[in-house]
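Structural features, examined
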Amino acid sequence: MKAQASWVRRTIRMAALAAALWGATGTAWAASKLNVVATTADLAALTQEVGGDRVNVQAIAKGYQDPHYVEAKPSFLLMLQRADLLVSVGLQLELGWLPPLISQCGNARVQPGASGYLDASQFAEILELPSGPVSRAQGDVHPLGNPHYWLDPENGRRVARGIASKLAQLRPQDAQYFEQRFQDFSRRLTEAEKRWDAQMQPYRGRKVVTFHRSWPNFTRRLGFQVMGEVEPRPGIPPSPRHTIELIEMMKREGVKVILVEPYFDLKTPNSIASATGAKVVVLLPSVGGEKEASDYFKLFDYDLGLLSQAFQGQ
C-alpha cells in the first residue's frame, strides 16, 4: 500500500509539472482546437470523424488492448488535465481504471456531470441488459448492459451524432462545421453499410462461437447466430468440463468459426478448433488493433474480410 501511495504522489507531481509546462507553451494552440480525450480508440476515431481539424483527439486505451483492463500511467493524467472533453464508453467498461484518473487529474471540466464529460453509451442501443440481480458468481457481467455497442455501425452513427452535438455545445461558433462533418460521416457510413451487407449476405444465419461476450451488437447486425462462448462465464477462464461440452455442441450444431479477440490466449480456442474442424478467427474489436484498421470504416473492412475468408468453402 505504501508503494502504491508513493507511486500516486509521484505521478501527481509529474503531472503537475507537465501541466505547468503545458500552460506556458501550449495556451495559444489549445485555444485553436478542442482538446478531447477518449477512453478507447473507437471513440477517438468517431470524435475525429466529426471534429475534423477543430479537435485534437487522444485515446487512453489502444486498439490492441483489452479496454476492461488498462494500466494507469502518468501520461494519462496529463492528457486529462488539459482536456476540454472526456468521452467514455460507459456502462462500467472503464470502472477498474478510469475513476481514479478522473479524481486525481485536477480538471474540473471532465468530472462526471460537468460540461466536459460525455458518456457515449447514452446514445447507443444497448443489448444484454440483465433482467435480475447481478452477482460476481455470474462472472464479469455488466449490470448496465453490454458495453461493446460500437461494433454495430448504427450505434457508431448515433454516438458520432452525440459527440458532434457536444462539440457544438463547447464551441458554438463551430457548430455548423461539426454538423457538416457528421452528415458527411453518416453518408459515407450508409454507403459502407451497403457494401458490408452485400459482402456478408451469403453468410447470414451462420453459427459461430465467441471467446468473450464482445460481439452481440456485431453478430446481430450481420445476422450470425452465437451458439456459445469459450468462457463459461464472462471473464472466467475456460474449464475442461466446459470445453468438452462446447466441443460436443459445436459438432452437433455444425459450428465452424470461433471468434477471438487479439488479447486472449489462443491455446484453448485452437484446441477446440482442432477437435471440431472449426477455424479460429482473431477479430479486432477496436480501431487500431492492427495498422490496417486505422479508422472506424477500416475496422469493419478488416474484420469482414477475415470473416469472408473463414466462411468461404464451408
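Residues numbered from 1 in each chain as written. Predicted model: local features only at pLDDT ≥ 70, side-chain atom pairs only at ≥ 80, totals over all residues. Heavy atoms only, no water.

1. So, the pattern of salt bridges
For the structure on display, the rule yields 20 salt bridges. Across the pair Arg220 and Glu125 runs a salt bridge, and its minimum N-O distance is 2.8 Å. With a gap of 95 residues between them, Arg220 in helix H8 (residues 216-222) and Glu125 in the loop between strand E4 (117-119) and helix H6 (153-170) connect regions that are remote in the sequence. Here Glu125 falls in the partly exposed class, since its relative accessible area comes to 31%. Notably, a salt bridge pairs Arg158 with Glu154, separated by 3.6 Å at the nearest N-O pair. With Arg158 and Glu154 both in helix H6, this residue pair falls 4 residues apart, about one helical turn. Arg158 gets classed as partly exposed once you look at its relative accessible area, which sits at 35%. Linked through salt bridges whose partners overlap, the residues forming this network are Asp152, Glu154, Arg157, Arg158, Glu193, Asp197 and Arg221. (Salt bridge = Lys/Arg side-chain N within 4 Å of Asp/Glu carboxyl O. Helix = DSSP H or I, 4+ residues; strand = E, 2+ residues; numbered from the N terminus. Buried < 20%, exposed > 50% of the residue type's maximum accessible area, 1.4 Å probe, protein only.)

2. So, the sheet that holds E4
Judged by pairing direction, the sheet is parallel, and its 4 strands sit side by side in the order E2-E1-E3-E4 without closing on themselves. Bordering the open sheet on either side are strand E2 (55-61) and E4, each of which pairs with just one other strand. Across the sheet, the mean angle separating the axes of adjacent strands is 20° when strand polarity is ignored. Along the sheet, helix H4 (residues 74-81) contacts strand E1 (34-40), E2 and strand E3 (85-88); its crossing angle with E2, the most-contacted strand, is approximately 150°. Against the sheet, H6 touches E1, E2, E3 and E4, its axis set at about 165° to E3. (Pairing = 2+ DSSP bridges. Axes fitted to C-alpha atoms, helices over the stretch in contact; angles between N-to-C directions. Contact = heavy atoms within 4.5 Å.)

3. Overview of the packing of aromatic side chains
Scanning the entire structure with this criterion turns up 12 aromatic pairs. Look at Tyr177 and Phe178: their rings are 5.8 Å apart centre to centre, the planes differ by 70°, and that puts the pair in the edge-to-face class. Taking relative accessible area as the criterion, Phe178 reaches 0% and is therefore assigned buried. Grouping aromatic residues by their ring pairs yields a cluster made of Phe185, Trp196, Trp215, Phe218, Tyr296, Phe297 and Phe300. Cation over ring: Arg54 sits above Tyr177, and NZ or CZ is 3.9 Å from the ring centre. (Phe/Tyr/Trp six-rings, centres within 6.5 Å; stacked < 30°, edge-to-face > 60°. Lys NZ or Arg CZ within 6 Å of the ring centre and 35° of its normal.)

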